[in-house]
Each structure stands twice: as structure tokens, then as C-alpha cells.
There are 2 protein chains.
Amino acid sequence: MIETDLELLRGIANQLRIHCITATTAAGSGHPTSCLSAADLVAALFFGHMRFDPKNPKHPNNDRFILSKGHAAPLLYAAWAEAGFLPVEQLGQLRQITSDLEGHPTPRLPFVDVATGSLGQGLGIGVGMALAARQNGLDYRTYVLMGDGEIAEGAVWEAASLAGVRKLNNLIGIVDVNRLGQSEATAFGHDLATYRRRFEAFGWRVEDVDGHDLEEILEVLSGVGLGDQPLCILARTYKGAGVSFLQDKDGWHGKPLSKDEAARAIAELVPTARSAAGVQIPAPSPMTPPERPVPAAYPPLHYQVGQMVATREAYGNALARMGEVDQRIVAMDGDTKNSTFAEKFAKKFPDRYTECYIAEQTLVAVAVGFSTRGFVPFASTFACFFTRAYDHIRVAGISRANIKLVGSHVGVSIGEDGPSQMGLEDLAMMRAVADSVVLYPCDAVSTEKLVEQMALRQGLCYLRTSRPKTPVIYNNDETFPIGGAKVLRQKEGDRVTVVAAGVTLHEALKAADRLAQEGIGITVIDAYSIKPLAADVILNAARRTRNLVVTVEDHYAEGGLGDAVAGELSAQGVQVHKLAVRELPRSGKPDELLARYGINADAIVARVRALA
Amino acid sequence: MIETDLELLRGIANQLRIHCITATTAAGSGHPTSCLSAADLVAALFFGHMRFDPKNPKHPNNDRFILSKGHAAPLLYAAWAEAGFLPVEQLGQLRQITSDLEGHPTPRLPFVDVATGSLGQGLGIGVGMALAARQNGLDYRTYVLMGDGEIAEGAVWEAASLAGVRKLNNLIGIVDVNRLGQSEATAFGHDLATYRRRFEAFGWRVEDVDGHDLEEILEVLSGVGLGDQPLCILARTYKGAGVSFLQDKDGWHGKPLSKDEAARAIAELVPTARSAAGVQIPAPSPMTPPERPVPAAYPPLHYQVGQMVATREAYGNALARMGEVDQRIVAMDGDTKNSTFAEKFAKKFPDRYTECYIAEQTLVAVAVGFSTRGFVPFASTFACFFTRAYDHIRVAGISRANIKLVGSHVGVSIGEDGPSQMGLEDLAMMRAVADSVVLYPCDAVSTEKLVEQMALRQGLCYLRTSRPKTPVIYNNDETFPIGGAKVLRQKEGDRVTVVAAGVTLHEALKAADRLAQEGIGITVIDAYSIKPLAADVILNAARRTRNLVVTVEDHYAEGGLGDAVAGELSAQGVQVHKLAVRELPRSGKPDELLARYGINADAIVARVRALA
């Protein structure tokens, strides 16, 4: 790069700084000093290195940029404004309720692929995007800008390890080592050597730079793509860099400048600031990804009613079946694929399967990354281990990521492995994710049909599968729309409506048979769609059973099926009696545990009798 | 160690192997081959190195042993049986519902400090135990046995980093590198050099050993405590070691042997197996920790009604106030202490504060570790970031750990920072933890009193605090028992009972004033204890308002206050109308957001009018 270009980039960096200060001061909140440390890096990336179409942030072969240190959002917005995508005046609306320029980036903005702001998530998502580039045969690169504070997060090292194992030389992690965290200095300050050893040990090529020296930054960036390792750029920076009274000073995290302070700061920056208008940003290579159309239909099912099949195995069958006609589908698992049955897909389509090893945060992050590039990723592990990735799932909800999560081994019905392996909070956890879909099938047919629904539905969907084999109760042509429910038993004079799902649905059917012998009729509903719930179906049934409902679930009493039904129908005068796991369970045989925790046919019979 | 001793230890290792095979075959499930790889390591630790009283696993200065690879539970049980604590015959009851020898270890057994089985958690808990040793002036050491598969978990590297930073030379991590994961080989196989570089980069001293060579193992163990770094022992092992047809073979993970296979395996082991009876296990040093009595009372409060104080700041005030008289209290935070106000404690009692940096899994794990050694740890971060540690919290519930979690910045009322920083699922998440307590105060007085209650209560407690300042509404001498609620407005003829907590309680009071002007009376209840819920108080009030209840909460509609009230009271015929955040929120001013998402006084007034 020639000298004048460097001067221009330095000027653009200062212009970005001015935007960040101006916007946060106008907003009265924000993190200007965290923007200033990274301004030179961002100027170099956006106006001296990355290949993208600034008029079309969705171009499939644009280089991707993830601002993992999401609190530097104003810097990202300023870069896209200077690149010409946003009117510069809009920056003044930062953090206003009427503006999509939120406090931390969200995909309400077209140039944001994923929400950031919960630190440590960007690199794993970047791994997913980099893998997706290979899958699609595209040459875009994925740049992830992290703070130094955030690389204390374990999620960063999970992702770093997988990137090293997969030799992702199309992934670039940049660490803005500004030394100062939110509440105090980081543990390592400007000790770049320690960070270097870490990334190298995790299989990365590492370059150190002075993060305020544009020549050095560009020089290092010119080596992007060399070798077969991911590249980590450790940038020694100063928080508040470029403004004398902010630079490297404690006590400035997350504080906007007063108007006077902002004026003083800007006065320091203005003399060298330059607009980026007219900078030629290199276009992405003219490559396009293969077409991956939504299939007109999936191949048919061939189960027999009464056949014993675990829903977890039906999940594997579904994925292997659907994968043949739906090239959008990719899958990943965290070293449990022989238990979740994701291995049925992995064996059939090894090129479309990513082994994430025992690293559930990365499992979800990789799925999110794939989803941003047009794939429909199915990520599976034991239901309980998705708790390890709850923050990632929460933020995927904010990103409106099109990911499909499948948690196996739910509830006490897993048996002898004991409470650490039992998913007993997954319904509560997944229901409380923005716009999530939560599904819980009871047999192989409904499982397979719901996996189809997940693939066809835009957004975050969760499916809960069980360990034990259960009988097929539905015909192969039955349909299972999201938000529906099946009324399996119902007749005039029924005394109570029993709402169940998964293994307890079969207990409810047994209970219905036994109660019928006593002359007590119950309506039995398969609530396979926990969220959205088929409230109308349950309400109609309840109205015919004196408004009496019993829910029964292999889940803790809090936040699951019972709370969902009560929370939606209590306002209508429906009385919901919950059967659920109400204490910390222990190891034992599945049937023993269903009995001990009061969610088997006996418990249903007893409760119905008491209400009849 | 002399040659005969080595022979004895080798024999004990094989005896442990026999126990593991026998027990898992009898149980018909379990992970015998994962036990066999670690049998020599465990034999060396328990019968050739660690200092502990085998008759008293609770001795305060016993060396601690965490089986982080919890699926090797039979090996742990066998070791304590051979040490004389358990009758050997009990091993035959493995995994039975009548036995505490569960599929994965839980503290139902006195020699288990923490539940394991969700991989990657042991090391962080070990960091907490090692820090607690220093705090208590004890010389016990903490040994954490991990699998190689599990060190893919980011939580391991968070913990490793903090151990390095704190130079915990009383912490020993042992990695059983048996090469085979559950579903396939690990990414690194027997490449110990890669693992060495990683641990060294994270500040550890590393030793490689042949994990089946007792002489090498003991030699390395003799160096425990040297230097000022934590020690990592990388043990090259074989899954199924010691049995010809199991050793280093694929397809044996999590499978018990048939009776015939077990007989063949045991026949190979019997000739060299030796009982550990008679082995002299070194006693712990005769040191005792300082007394840390429960205080008779905490110093009084000095708020004025009407004073504006954020509940998050009241939390900091409480901790600083209580810390003076309660030496059990320690605190930790994840680089948010200036926002959660944990810094008030950290500044006053720097020796009792642990900075965990931006690593929430380690934050919770360190708290769990301290709790096992008699401390009352308070761990704080933004409520939303506890989602990062949900698996740790879930397992802490299984451990019945005495930890206190405090999540700040809940709900849309944080304002401009936007959805990634808003705790909107924490009530759902925390309610669904076994035996948890979930608290949500609305003012400074109730906050401080609830922090006292948390310190006095055994078990996992969560307190939710808010960012905005709210007026003090309670007198300093008011009491707030866990499981209680306050009826703040109530009179004859009230039309509706409004149940609120936190910021929405103040909205409910405003609504009550406005509705009173229209001649509509409402009962207002402060449901500061979300779990256990004061169902009786709410029910009594509801009975006097035509069974009509409106709940209002700064939380998603799923799994929070509304579901809790509906889930408990719908069966009693109470009709619960929920006001809650029902869509993905955005940045804006707190008042704008409370209005937009329908949880402010206007929304309450409108709903009550519709019901009145």
C-alpha cells in the first residue's frame, strides 16, 4: 500500500472515532473508548483489506465480519456509514427506540449476521461460517474481532481448538488487546506473548501488531489465507486511543463523554480525519453457492403401528431420510452422535456432518454460523448438555438464527445414568428463548414429521427426544403441524382432560384404558407442540371435561408443559393439575423412576380418580 | 517407593478393575472401559499418595479428589470400598434405585463433594477448593481427574487460566488420555505434546506419564506442590486397559460386559489382583480451619422510605455490611463488579473476593468449590450471563451446593444496551433447578434482607436485581422470609389482585393509585419470593377478588412469575392473566420499553379495566 493510502486510512480511522464519540455522547450511553481502541483495525479491514459489496451486505461471497466485542457497536455502524451503506446522519440515532442502531448489534441491521454483546461467542460462529464457505465452495473469509477481556471465555478456546483441528485458513481472529476490562485490567495486560502461546497451542498461526500502526496491520492482513492454519492477529492497542485524555485511562469503560469532553476529543481528531467516500472497496469474487432448494416433499415413512422405536432413533432416521432430498441440511453433534442417532446422517453424508467433540457452546455456535449462510443445521446432544450452551441459544434467539436443536435423553426415563444426564429443565430453558419453537414427540412417526416441520420452519426450533423405545401410535401419513396437538381419546362424559407428551403420553393412554374399566372416561391429548401450544385444542377439550386438566410430563414442575398449559389457559378458567418431577431424582430403572416421581399411569389414575 | 509396594499398587489397581467390571455387569449398564484406563492412576492416588482419613471423608484437611470424568463412578466407589469406607459387597448395588452408588457420582455419598458427569466442570470447582484451602490456611491438595475427551470443553480452559493466574500449586489436574471418546476417537489421540503446549500456555507445569506405569505415576506425584504453578499430569492410557479384549478397542464406550465376557476379563486380572486392606493411607496434617460461625445478627439498615436506590446497589451494600460479621461470606464476579456492585465487598474485603474475569462458568464453579469447604459464596454477574453457566448451575443443584447467585440488569428496564444484555429468561432458568430458591426484590430494604436470608439458608439461592433506581418502600425493620409475599394494597371490594415483583411492583402501585381514582380497587402483592412462591398469600387475596389475578413481570412470558402463579394456583380455580415481555425487545429508554412491551402502569390499568 502506498504512503498516501496509509494517510487516508489513518484519517478514516479518526473519522470513525469521531462518529463513535458523537453518537455515544448524543445517546448518553455506550462504550466509546472500546470503539477507539479498535478504530484503526476496523479502518484497515473495511477500507484497506476486506472484499465486499458495500451496497449489498447480503452478497453470498462478501467477506464476513463479526464484531464479537459487540459493545463497540458504534464503530461497526460508523464503518458501514463510511462505506456508504448507511447515511452518516443516522449514526445520531444510536440507541434510540426508533432506530435499528441498537446498543449492541442485532440482525435487525442487514449487515449484521448475528447478534453480539454476550462476549466470547463470535469465534465459534466464525468457525461455522468458515466451514460453510468450504461447503459452498466460496472464497469469502470470516473475520472475528474480539476484545482481550472476552478471550477469558471458555467458548473462545473451544472454538479455537476446532478451528485448528479443521485447519480453517479462511478464518481470522483479531484480538483488540487494549488491556482494560470493564471493572479492572485484564489478567494479562499487554502480555501478547502469553496470548500467542495459547493460540499457537490451539493450532493457530499468530501475528502480533501494533494495533494503531496501519502499515503493520495491512502488512499482516496481506498474509491472510497463507498456510493451512487459522490466523490470529494480536493487536496491541490502547483503550480510548487517539484522544489524549482517554487513552489507556482507567474508569472510562462504558461511559459516554459529556458534550464538552466530546468537543475536546473531536477537536484533537478533526485535523487528521478523512472521509472514506471514494475509497474503492474490492469486490468479492464472482462466485455463487450451489442452489439448495427447499424440496417439494420428503420421502415417505414406513413404520408400523405398534413397532417399538425410540424417538431419538427416529430423529436419526428422519435426518438421513431428509438429507437425500434437502441439500440445505447439515448436522453436527458433540461426541454423542451414537446416542442421539445423528450418526445415521453422519455415516450417510460425512461431508455434511461436523463433529464438534465435547464442546456444546461450539456445537451451537457452529450451527448458527452455518445458518447465516443459508444452511439448515441440526445440532444434537443430550438435552441436559444444551444447558452448557444456553447463552449461545439465548443469543441465537436474538439473532433469529435458523437453527434446529435436538436434545435426547430427556427426563427420568433415561434410568440408571442418574440426574446429571437427565434433561429435566430443557423445556423451561427453550421456551424462554425469543420466538422459539419447542417440540416433544411421543413416537417415531410424529418425531420424523416434526423434524420435517423444523426444516421447513424459519427460526430456532428445539426437539426433545427420549431414550426408551416407545410404540408407534400414528399412521405414516398423519400430519403434525407446529402449534398443533392430537386428541387421542375423547368421548361424551369424559371427566378430565389429560395432556401429555413424549413418554408420558403412553402412560396417559394406559391410564385411560384402566380408568375406562372403572367407568371413568378421560380425554387424552398429545401436546407434541409445547411452544406454540395448541391452546385452542386443549381449551375445547377442557370445556367438555368441566374445565379440569391434568398435565403429566417427564420434566421438572417449573417452566415445562404444566406451566405452559396453566399459563395459557388459567385465564380462561381452566384448572390445571400438574404431574411432574418435583424433587431431585436419582439412578434407577426407567419404570421405577416414572413411578417414584409420580408421572406414570398409576399417578395419572390416582389424580384423575381424585378429581372424578 | 520400594518394589514390593509397586507390586501391591499394581495389584490394587487390578482389584479396582475387577470391582468395576463386576459392578457394571451386575447393573447391566455403565462405563467399565472408562474405569479401566484410570485404574492405575486412582490406585496410585488413593493408596500411594493422597493424604486423607478413609474413615472420615469430611475431614477438613483431607486431600480432595474430584472425579471430573464422572462416568468412571464405579472406579471411585471401588477405591473408597478398598480404602475401607464402604463394604465391598455394596458395590454390587451399583445403579440400583435403593443404592446411593448412582450411575454418576452425587453428594448423596459422603465422599463425593460435587456431582459430576457433565464433563468439564471438575477443574473449575477444583480451583474454588484450592482457593478455599488458601483462605482457610490448610495444606490439603485438590486433585481433579479428567478425561481427554472432556478437555475439549471451554470450561476447562477458563478454569485452567484462572488457576495459572492465581498460581495454585495446590491444584493438580490429571488427564486420563485414553484416546477414545464416546462416539469416536478424540481430535488429538495420544498426542500429549499438544495437550502439554496448551496447559503450559495456560500457566501450568506439565508432566507426561505412562498412565499404566505406577512407578512413573508415583514419581511425578512426588513432585506435587513444587514450584508456584498448578500441576497437570498428562497420562497416556488405554481405554479398557488391563483386559486383552477391551484395551484400546473401539465400540466399548458405555457398555457393560456380558457375564461371560466379565468372567473372561476377571480371569485375566485375578492372578495379580491384591486387596488394599492393610495399606496405610497417610493422615492429613492436623490443621483446622478458622471458626466461621453464623452470626447472631447482621448490622441494621439505614434507608429512608422514598430514597431512590437500585436493588443492584443494595446488594453491594448488603454484602459489605454482612461481611463484617459473617466470615463465611466470600464473593466473586466476572468483570462486572462495578455494575453488580460486588465491588463494595471487594474493596472492603479484598482477601475474600475472587475476580474470575469474563468467565461465568468458572465464576459459578469457583463458588461451588468454596461452598464445599464451608464458605457462603456470593457470585454475581449480569443475570443474562448466568445463562453461560446454566449447566454448572444445574449440576450445582444436583450437588445441593450452598451457593448464592446474584444476577443484575434484568429485563427490558436496563434500557439502551439492548436485548443481549437483558436478563429475560433467568427466572425460568433458575426456577427449573432442583431445590432452588429464586428471589426478586423491588427495593433496597427487601434486597438487603433477602441477601441475609440467602446467607442463612442452606442451598442454591438466586437473587435478581434491577438496573434502575427504585424508591425504598419498606421500613428498615421489615422482615422478608423466603417463601413469603407482601400484600401492599388491599381493601374490601377490590376487583383484581395484581402480583408483581421488582420494577413492575412500582408500576403496580402507580396503577393502583390511578385505578383508585376511577373507583376500581386492586389488591397489590409484592411476590419477592418467586420460588418458593407464597401461594397461600396470593390465593387468599385472589379469593377476595373473584379469583382474578393479573401478574406483571419484566421477563419473558415463559417460565417466570406468571407461569409460577398460574402453575400453582390454576388448580384452585384462580384465573391468572399474565403481563410479560412477549417479543424480542430492542434498545430504548427504560420507560419506553416498559410501555412498548406492555408491563408498565398503563398496561396494568388497561388489563384491570378489562377485567373489572
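Bear in mind the structure is a predicted one, so any value in this text is a computation, not a measurement.

Chemist: How would you explain the sheet that holds strand β14 (residues 486–489) of chain A if you had to name every residue and give the values?
Modeler: Residues and elements named next belong to chain A. With mixed pairing, the five strands of this open sheet are ordered in space as β14-β16-β15-β18-β19. This sheet does not close on itself; its edge strands, each paired only once, are β14 and β19 (575–581). Taking each pair of neighbouring strands and ignoring which way they run, the sheet shows an average axis angle of 25 degrees. Here strand β15 (residues 496–500) pairs with strand β18 (residues 548–556) via four bridges, running parallel. Counterpart to Thr497 in the pairing with β18 is Val549. Sitting on the sheet, helix α17 (residues 503–517) is in contact with β14, β15, β16 (522–526) and β18, with an inclination near 165 degrees to β16. Packing of helix α19 (residues 561–569) onto the sheet brings it into contact with β15, β18 and β19, and relative to β18 it is tilted by some 145 degrees.

Chemist: Give me the packing of helix α7 (residues 192–201) of chain A against helix α6 (residues 192–201) of chain B: which residues, what numbers.
Modeler: Two elements in contact, α7(A) and α6(B), have axes separated by 8 Å at closest approach and are oriented at 155 degrees. Taken together, the axes of α7(A) and α6(B) lie roughly antiparallel to each other. Judged by the sense of rotation from one axis to the other, the crossing of α7(A) with α6(B) is left-handed. Only Thr194(B), Arg197(B), Arg198(B) and Ala201(B) of α6(B) make contact with α7(A), whose side of the interface consists of Thr194(A), Arg197(A), Arg198(A) and Ala201(A). Residue composition of the contact of α7(A) with α6(B), by class: two nonpolar, two polar and four charged.

Chemist: So what about the environment of Ser244(A)? Which residues, and what values?
Modeler: All names here are of chain A. Here Ser244 shows up in the loop between β5 (231–236) and α9 (259–269). According to the relative accessible area criterion, Ser244 is partly exposed, its value standing at 48%. In sequence terms Ser244 and Glu268 are 24 residues apart; their C-alpha atoms lie 8.0 Å from each other. Not counting chain neighbours up to four residues away, the residues in contact with Ser244 comprise Lys249 and Glu268. A polar side-chain atom of Ser244 sits 2.5 Å from a polar atom in the side chain of Glu268.

Chemist: So what's going on with the relation of the copies chain B and chain A? Which residues, and what values?
Modeler: One chain copy maps onto the other through a rotation about an axis and a shift parallel to that axis. Once chain B is rotated about the relating axis by 180 degrees and shifted along it by 0.0 Å, it coincides with chain A to within an RMSD of 0.0 Å. Here the symmetry operator amounts to a two-fold rotation axis. Residue by residue, 100% of the interface of chain B is reproduced at the interface of chain A, so both copies engage with the same surface.

Chemist: Can you break down the nonpolar core residue by residue, with the values?
Modeler: Residues Phe199(A), Trp204(A), Ile393(A), Phe199(B), Trp204(B) and Ile393(B) are the most contacted members of the largest nonpolar core, which totals 177 residues. If near-sequence neighbours (up to four positions away) are discounted, Ile393(A) is found in contact with Val364(A), Phe386(A), Leu405(A), Met430(A), Val433(A) and Leu460(A).

Chemist: Could you give an account of the pattern of salt bridges, with specific residues and numbers?
Modeler: All told, the structure shown has 70 salt bridges over all chains when counted by the stated rule. A salt bridge links Glu200(B) to Arg196(B); the shortest N-O distance between them is 2.8 Å. Of this pair, Glu200(B) and Arg196(B) both sit in helix α6, four residues apart, which is roughly one turn of the helix. The partly exposed category is assigned to Arg196(B), whose relative accessible area is 25%. Sharing partners across several salt bridges, the network here consists of Glu153(A), Asp391(A), Arg394(A) and Arg388(B).

Chemist: Go over helix α4 (residues 73–82) of chain A, please, and point to the residues and values.
Modeler: All names here are of chain A. Counted residue by residue, α4 has 10 buried out of 10 residues, so it is predominantly covered. Within the sequence span of α4, burial applies to Ala73, Pro74, Leu75, Leu76, Tyr77, Ala78, Ala79, Trp80, Ala81 and Glu82. Count one or two residues on from α4 and you reach Gly84, which has phi positive near 100 degrees.

Chemist: Go over helix α4 (residues 122–136) of chain B with me, naming the residues and quoting the values.
Modeler: When the terminal C-alpha atoms of α4(B) are compared, their 21 Å separation across 15 residues agrees well with the 21 Å that a helix rising 1.5 Å per residue should span. Directly after α4(B), the chain includes Gly137(B), whose backbone phi takes a positive value near 65 degrees.

Chemist: How would you summarise a negative patch on the surface if you had to cite specific residues and measurements?
Modeler: Residue and element names in this part refer to chain A. Together, Asp210, Glu215, Glu216 and Glu219 line one region of the surface with negative charge. For the negative patch, the leading source of residues is helix α8 (residues 214–221), giving three residues. In this structure Glu216 comes out as partly exposed when scored by relative accessible area, which is 32%.

Chemist: Any chance you could break down the sheet that holds strand β4 (residues 205–210) of chain B for me, citing the residues and the numbers?
Modeler: All names here are of chain B. Pairing within the open sheet is parallel, and its five strands lie in the order β1-β2-β3-β5-β4. Both edges of this open sheet fall to β1 (64–67) and β4, since each of them pairs with a single strand only. If you compare each strand with its neighbour and ignore which way they point, the axes differ by 20 degrees on average. Bridge count between β4 and strand β5 (residues 231–236): six bridges; the pairing is parallel. Each bridged residue has a counterpart across the sheet, and for Asp208 the counterpart in β5 is Leu234. Relative to the sheet, α4 contacts β1, β2 (142–147) and β3 (171–177), its axis offset from that of β2 by approximately 175 degrees. On the sheet, helix α7 (residues 214–221) packs against β2, β4 and β5 and is oriented at approximately 165 degrees with respect to β4.

Chemist: Go over the domain arrangement of chain A, please, and point to the residues and values.
Modeler: Residues and elements named next belong to chain A. The domains assigned to chain A are domain 1 (6–272), domain 2 (308–471) and domain 3 (486–611). The centre of domain 1, based on its C-alpha atoms, is set 32 Å off from the matching centre of domain 2. Domain 1 puts 27 residues into the contact, and the matching count from domain 2 is 26 residues. When the two sides are added together, the surface that domain 1 and domain 2 hide from each other amounts to roughly 2,000 Å², 59% of it contributed by carbon and sulfur. Considering only the side of domain 1, the residues that lose the most area to domain 2 are Gln121, Gln135 and Glu158, jointly responsible for 28% of the buried surface there. Where domain 1 meets domain 2, there are zero salt bridges. Linking domain 1 with domain 2 are eight residue pairs in polar contact (both at pLDDT 80 or more), by the criterion used here.

Chemist: Before we move on, can you summarise the side chain of Arg586(A) with the specific residues and values?
Modeler: With respect to the helices, strands and loops of the structure, Arg586(A) is situated in the loop between β19 and α20 (590–596). Polar side-chain contacts of Arg586(A) include one of 3.0 Å to the backbone oxygen of Ser99(B). Non-local contacts of Arg586(A), meaning those with residues more than four positions away in its chain, are made with Gly418(A), Pro419(A), Met422(A), Leu593(A), Arg596(A), Tyr597(A), Ile97(B), Ser99(B), Asp100(B), Glu102(B) and Arg108(B).

Chemist: A description of the interface of chain B and chain A should follow, citing residues and the corresponding values.
Modeler: Facing 99 residues of chain B, the contacting portion of chain A comprises 99 residues. Each partner contributes to the roughly 8,300 Å² buried at the junction of chain B and chain A, and carbon and sulfur atoms together form 49% of this total. Inspection of the chain B/chain A interface yields 14 salt bridges. Between Asp391(B) and Arg388(A) there is a salt bridge, and its shortest N-O distance comes to 2.8 Å. Where chain B touches chain A, the interface holds 60 residue pairs in polar contact (both at pLDDT 80 or more). Split into classes, the residues belonging to the side of chain B that touches chain A amount to 32 nonpolar, 37 polar and 30 charged.

The rules behind the values
- Residues numbered from 1 in each chain as written.
- Chains lettered and ligands numbered in written order.
- Predicted model: local features only at pLDDT ≥ 70, side-chain atom pairs only at ≥ 80, totals over all residues.
- Heavy atoms only, no water.
- Pairing = 2+ DSSP bridges.
- Helix = DSSP H or I, 4+ residues; strand = E, 2+ residues; numbered from the N terminus.
- Axes fitted to C-alpha atoms, helices over the stretch in contact; angles between N-to-C directions.
- Contact = heavy atoms within 4.5 Å.
- Parallel < 35°, antiparallel > 145°, perpendicular 65-115°, else oblique.
- Left-handed = near helix turned anticlockwise from the far one by under 90°.
- Nonpolar A, V, L, I, M, F, W, Y, C, P; charged D, E, K, R; others polar.
- Buried < 20%, exposed > 50% of the residue type's maximum accessible area, 1.4 Å probe, protein only.
- Polar contact = N/O pair within 3.5 Å; in protein donor to acceptor, adjacent residues only side chain to side chain.
- Least-squares fit on C-alpha atoms with pLDDT ≥ 70 in both.
- Core = buried A, V, L, I, M, F, W, Y, C linked by side-chain atoms within 4.5 Å.
- Salt bridge = Lys/Arg side-chain N within 4 Å of Asp/Glu carboxyl O.
- Expected span 1.5 Å × (residues − 1).
- Patch = residues over 30% accessible without salt bridge, like charges linked within 9 Å, V, L, I, M, F, W, Y side chains within 5 Å.
- Areas by Shrake-Rupley, 256 points an atom, 1.4 Å probe, with all protein chains shown as cover.
- Lys, Arg positive; Asp, Glu negative; His and termini not counted.
- Charge placed at Lys NZ, Arg CZ, Asp CG, Glu CD.
- Domains from an automatic or database assignment.
- Buried area = accessible area lost by both parts, 1.4 Å probe.

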